[in-house]
Amino acid sequence: MTEAYIYDAVRTPRGKGKADGSLHEVTPVGLATQVLEAIRDRSEIDAGEIEDVAFGCVSPVGEQGAVVTRTAILNAGYPETTSGIQVNRFCASGLEAINIAAAKVKAGEADLTIGGGVESMSRVPMGSDGGAWPTDPTTAFKTYFVPQGISADLIATKYGLSRDDVDAYAVESQKRAAQSWKEKRFEKSIMPVKDVIGDVLLDHDETVRANTDMQSLGALNPSFAMLGEFPGFDAVALQKYAEFEKINHVHHAGNSSGIVDGAAAVLIGNEEIGKKLGIKPRARIRSMASIGSEPTIMLTGPEFAAAKALKRAGMDKKDIDLWELNEAFASVVLRFMQALDIDHSDINVNGGAIAMGHPLGATGAMIMGTMVDELERSGKETALITLCIGAGMGTATIIERVN
Amino acid sequence: MTYKTLKVDVDSDGIALVTIDVPGKSMNVWDADLMQDFSNWVNAFLADENVKGAVITSGKPSGFLAGADLNMLGGGGVGAGASSSKKEQFDSAFYLNSIFRKLETGGKPVKALQKGEAFAKPVAAAVNGLALGGGLEIVLACHHRVVADNPKIQLGVPEVQVGLLPGAGGTQRLPRLAGLQNAAMMATQGKPIDPATAKAQGIVQEVVPADQVVAKAKEWVKANPKVAQPWDKKGFKFPGGGGAMDPRAVQFFIGANAMAQKETNHNYPAIQYILSCLYEGSIVPMDTAIRIESKYFLKLLSSAQTRNMIRTLFINKQAAEKGEQRPKDVPPSELKKVGVLGAGMMGAGIAYVTAKGGAEVVLLDRDLEYAQKGKGYSEKIVEKGVSRGKVSKEKGDELLARITPTTDYNDLKDVDLIIEAVFEDPDVKKDVIQKTEAVIGKDVIFASNTSTLPITGLAKNSERPDQFIGIHFFSPVDKMPLVEIIPGEKSGDKSLATALDYVRMIKKTPIVVKDTRGFYTNRVVPPYLNEAMRMVAEGVKPALIENAAKSLGMPVGPLALTDETSQELGLRIARATAKETGQDASGDPVYQLLVKFVEDLGRKGRKSGGGFYEYPEGGKKHLWQGLSEICPPAAEQPSLEEAKERLLYAQLIPAAQCYAEGIVHDPQSADLGAIFGWGFAPWTGGPMSHIDTIGVDSFVRKAESLAQKYGGRFNPPEKFRDMAKSGDKLYGKAA
């Protein structure tokens, strides 16, 4: 089968996802437009060569609705011949969009594609698209629906993760993110976001708090204890996880991913198109996988997705040099490390969403870019990128450095 | 046209007054006749151009209309025919919905109503008394609703209490009038509201003096010749938001779904389906919405579980309370004054419920201080009730005035019934029986509230054993709804009749059981609690045991219940049983666990050092951490389903044995006793109903496989093996 290569990756910095966030004045189409412009312009390629663009977006309604990807393609001045699709696999949408874009190349449907994502959480709040799953009694009852925060606390309960464990993880995430920014580790991918008069609005991730420590986190109250009590999501979760008397609520704003705005794009193509256009591949996509897992605990999918991706690549976990798992909640990463016996020094080496935020539809593409950069910077060979997903799923991609 | 159940009078303004009066019934209910009559009337009304509008009221002073005749539903009326097609079943379930819809649209196309090109004939409800279930639903289908201003009038949709849902438009019109939240509260909890609340919520429009309901309703009809329901007008919106896209509705459903799961443990589909009717119905127009409602209604009605619930919780419960087991030819007893002997916890409770039932109580104890303390129990309950506005100060004072504490047996000389609740010691009882019989009237029934001593044995102390009977209360007496009546060998008809009359007076549910050790409920509960303790000893995680019981629908886990009844009592019973049967208990893991708790750890029960749980002061109880050291969790844990099955069969088997041995005489009593005695999962309709639902054959096979796995105590009784072979059911083939 044709190989798919990553030729380039760009992302916006992440702006605080509230009305006082620096990117709040930019429309989601504007964010998507700017990353599409950047990846075209810095590769110096004719956008007409880009056949299809897949963008993840988790709340595709309102100004993110009506296939935001196609709107951004046209807005970015791509020729009308470039098609666009909007992808929703909840938190892994950005990575799934890359996998779709890569699959098109591998299958011979296209030579050059873009995978990426966009989410302006300050403008189209999480949950804006409603959905039957938690709302329709039939599906809520059948799946024992609980919000993700309860699931994250259930993971902590089931796998014996204490409040100190998750807080310590969060402190380290902040430290690594701050250090990475200090060492300009994100420089290759970061594309400052400009306003309508062309002035720079934001050139760095806005939510990093270098001075976070155990004490400051210790002062925060658990965020999901109240929801657990009323309307009673703890009871719902325990109906399935009956071996526990209660849920240990350990997560709060400081050890969960931040709500932010952002967009990212990754340029993917086969070997021939690179030669034709004179662009150099940076990484090869070794394998891709998605799985479904138990929906109430919801966020344990990455270990199974990773196992499937490894198997499909014919690799062993020892063959992976760097692991990147989206920091939706600290317990998700700690459980993943526990399940696959991964050392903390090999995973999320530049920090993650706890420090820098999780713009739902874009995150998968952002952390893909982070790994491409980090493999080049560190000289390591392989990386596995994965995310936990709502309703119990996991998506993973394994890449290998080419240069 | 002539009607059996309706009276129709058209006045000079052309307004028809339709008076519902179902003959031979003290209260109007939807039965086959009323449904047929009402349908005929709607058609005649819409066809008759001389009739301009209508007012619907009731001819019964007892109320407006109390809902559907559950005997009709439970007995296999609407939608019951297994042989009929889905379409026929649906049409049957949709019958009232279709009539009501025709009435409110005037038989006009909805599009014409929306455009203002057509109108319905105005129909108003004049509600003079309670309107429940289908009784409220007909009111909702009227265009205007006038209710008498009596706060005691109950307006509600209680169907959920027997496992059903309001199936005549209730789940659709209530949210369109009062919003999703109010509708959900009413329909999922089944609690009625008063007229003022209904008006505030927009469910009714006028609350007027009782003698004006019809006049006001007519006035409105006269003034509004061209009408349509709000939901049949253009631009209708749900009050407070509705539909799948309104963020308020989304938040509401996410919360309601969780609350409902927490409350029901997935055991009561009615609540889920009510929420589904609200959710799905709020997205579509009324004509589609009521079809959806009828389909969910039919889904419930055709499930064995709903039929079991209707049968046990409604039909059989009422029959028992009305004295089905009562010897018919004994004249009703007049119980004006009751002597209660012993003012301990049980006696004090019995004194309270008896006084509450309206009788005078002579509360006798050896020591006046004790007797007064016994009355103090009633004082505390009354005080609490008054402070919460549940009972008026006057009523409370009257109740208390009926209780007279004493130490003097002569005060018993004019009582109509004796209930003895002294210490469980044969000698003490003997003394009390003799002293009492020396003063009471020759024909007065003597009832003993014993839980451990055989009635026939106690009756030997009586000079009048034919007037001696057992009435077994449960603790706390004022809260527990069941009473076991135990006739001894020589108890006569009058004793049984009097005991049942008494139970009726205090508004509890009686079952009649055989005079054996533990009677019925205390024959079943100990083996169940022991099974849970056996699981603990085997290393099953205690949280799994407790959650499995709750998942099964038990109100409280067996380990928590053991703490309540106390490990100390458990050990005492285990020793007494061992002594009686001559078996050596020392090797029994349950016995060992009890000894460990009571004698080594001093964890004798909730009130004495804690038990399986810790009871922190002012905090929530939680499982005792030390338990995992005494009984380390096994590496291999049973699945939730396995744990549930084991705890379920630990109750089903002894209950089946009681029935097989004639300790309970019929499946009805076995079911009532289980649900109201020890809280056996009400959604099943009781253990016997549940065995029928599982299938006697499947029950026997499952019991046998559990016996192989866990021990002979799970073996099914021979009688059930025979039934499985012959294909018999507990409730007979028709049930």
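Here, residues in each chain are numbered from 1, in the same order as that chain's written sequence. Labels are handed out in written order, letters beginning with A for the chains and numbers beginning with 1 for the ligands. This being a predicted model, a pLDDT of at least 70 is required before a residue's local features are given, and a value of 80 or more before pairs of side-chain atoms are given or counted; all residues contribute to the totals for chains, interfaces and linings.

So, the overall build of chain A
Only runs of H or I of at least four residues qualify as helices and only runs of E of at least two qualify as strands under DSSP, and these elements are numbered from the N terminus. In terms of helices and strands, chain A carries 15 helices and 12 strands. Within these notes, the globule rule equals 2.2 Å times the number of residues to the 0.38 power, and the radius of gyration is based on C-alpha atoms. Its C-alpha atoms give chain A a radius of gyration of 20 Å, near enough to 22 Å, the size a compact globule of 403 residues would have. Projected onto its principal axes, the C-alpha positions of chain A cover 65 × 45 × 45 Å. Going through the 403 residues of chain A one by one, you find that 63% of them count as buried. Considering only intrachain contacts with a sequence separation of at least 6, the fraction spanning at least 24 residues in chain A is 83%. Each residue is classified by how many other C-beta atoms fall within 10 Å of its C-beta atom, where C-beta atoms are placed from the backbone; a count of 20 or more means buried, 12 or fewer means exposed, and values in between mean partly exposed. The contact rule is simple: place each C-beta atom from the backbone, and if two of them lie within 7 Å, those residues are in contact.

Observations concerning the environment of Asn348(A)
One can find Asn348(A) in the loop between helix 13 (330-340) and helix 14 (353-356). Linking Asn348(A) and Asp213(A), residues 135 residues apart in sequence, is a C-alpha distance of 18 Å.

Examining the environment of His472(B)
Residues and elements named next belong to chain B. Tracing the backbone through its elements, the reader meets histidine 472 in strand 14 (residues 468-472). According to the C-beta neighbour criterion, histidine 472 is buried, with 25 such atoms within 10 Å. Here the alpha-carbon distance between histidine 472 and serine 698, two residues 226 residues apart in the chain, equals 34 Å.

Remarks on the interface of chain A and chain B
Each side of the interface is counted separately: chain A has 20 residues, and chain B has 27 residues. Contributions of two or more residues to the side of chain A that touches chain B are made by helix 4 (132-135), helix 5 (137-143) and helix 10 (233-240) of chain A. Class assignment for the residues of the side of chain A that touches chain B results in 12 nonpolar, five polar and three charged. The nonpolar class holds Ala, Val, Leu, Ile, Met, Phe, Trp, Tyr, Cys and Pro. Asp, Glu, Lys and Arg form the charged class, and all remaining residues, Gly among them, are polar.

Some remarks on the sheet that holds strand 8 (residues 206-208) of chain B
All names here are of chain B. Read across the open sheet, the six strands follow the order 1-2-3-4-6-8; overall the sheet is mixed. The open sheet has two edge strands with one neighbour each: strand 1 (6-10) and strand 8. Neighbour-to-neighbour, the strand axes of the sheet open up by a mean angle of 20 degrees, direction not taken into account. Pairing between strands is defined by DSSP: at least two bridges between them are needed. For strand 3 (residues 53-58) and strand 4 (residues 123-127), the ladder comprises three bridges, and the chain directions are parallel. In the strand pairing of strand 4, alanine 54 is matched with valine 123. Lines fitted to the C-alpha atoms define the axes, with helices restricted to the stretch that makes contact. Angles between their N-to-C directions range from 0 to 180 degrees. Across the sheet, helix 10 (residues 213-223) lies against strand 2 (15-20), strand 3, strand 4, strand 6 (144-148) and strand 8, angled at about 170 degrees from strand 4, the strand it touches most.

Brief notes about the sheet that holds strand 11 (residues 403-406) of chain B
All names here are of chain B. Ordered by their spatial adjacency, eight strands build an open sheet running 11-10-9-12-13-14-15-16, and the pairing between neighbours is mixed. Taken across any chain shown, the strands that pair with only one partner, and hence form the sheet edges, are strand 11 and strand 16 (509-512). In this sheet, neighbouring strand axes are inclined to one another by 25 degrees on average, regardless of whether the strands run parallel or antiparallel. Where strand 12 (residues 417-420) meets strand 13 (residues 445-448), four bridges bridge the pair, whose relative direction is parallel. Bridge pairing in strand 13 places isoleucine 418 opposite phenylalanine 446. In the packing of helix 16 (residues 368-387) onto the sheet, the strands contacted are strand 10 (360-364) and strand 11, and the crossing angle to strand 11 comes to about 160 degrees. Together, strand 15 (482-487) and strand 16 form the strand contacts of helix 28 (residues 667-678), whose direction differs from that of strand 16 by roughly 135 degrees.

Thoughts on the domain arrangement of chain B
Residues and elements named next belong to chain B. For each domain, the first and last residues come from an automatic or database assignment. If you check the domain split of chain B, you get domain 1 (6-302), domain 2 (337-512) and domain 3 (520-735). Relative placement of domain 2 and domain 3: their C-alpha centres are 31 Å apart. Of the residues lining the interface, eight residues belong to domain 2; the matching set on domain 3 comes to 10 residues. Looking at the side of domain 2 that touches domain 3 element by element, the count peaks at three residues for strand 16. A breakdown of the residues in the side of domain 2 that touches domain 3 according to their chemical character gives five nonpolar, two polar and one charged.

Side note on the environment of Ala244(B)
Counting through the fold element by element, Ala244(B) comes out in the loop between helix 10 and helix 11 (247-264). Note on Ala244(B): 16 C-beta atoms within 10 Å, which makes it partly exposed.

Concerning the nonpolar core
We define a nonpolar core as a collection of buried residues of the types Ala, Val, Leu, Ile, Met, Phe, Trp, Tyr and Cys that are connected via C-beta atoms lying within 7 Å of each other. One finds Val35(A), Ile268(A), Leu165(B) and Val340(B) to be the most contacted residues of the largest nonpolar core, which totals 357 residues. With 11 residues, the single largest contributor to this core is helix 27 (residues 640-660) of chain B. Ignoring sequence-local partners within four residues, the contact set of Val340(B) consists of Gly347(B), Ile350(B), Ala351(B), Thr354(B), Val361(B), Val362(B), Leu363(B), Leu364(B), Ile419(B) and Ala421(B).

Concerning helix 7 (residues 163-182) of chain A
For an α-helix, the turn length of 3.6 residues means that residues three or four places apart are oriented alike. Residues and elements named next belong to chain A. By this rule the span expected of a helix is its residue count minus one, scaled by 1.5 Å. With 20 residues, helix 7 extends 29 Å between its outermost C-alpha atoms, agreeing within 8% with the 28 Å of an ideal straight helix rising 1.5 Å per residue. Taken as a whole, helix 7 has its buried residues at Arg163, Val166, Asp167, Tyr169, Ala170, Val171, Ser173, Gln174, Arg176, Ala177, Ser180 and Trp181. Tucked into the core, helix 7 has its buried residues touching helix 6 (148-158), helix 8 (214-218), helix 13 and helix 14. Immediately downstream of helix 7, the backbone of lysine 184 shows phi near 55 degrees, a positive value.

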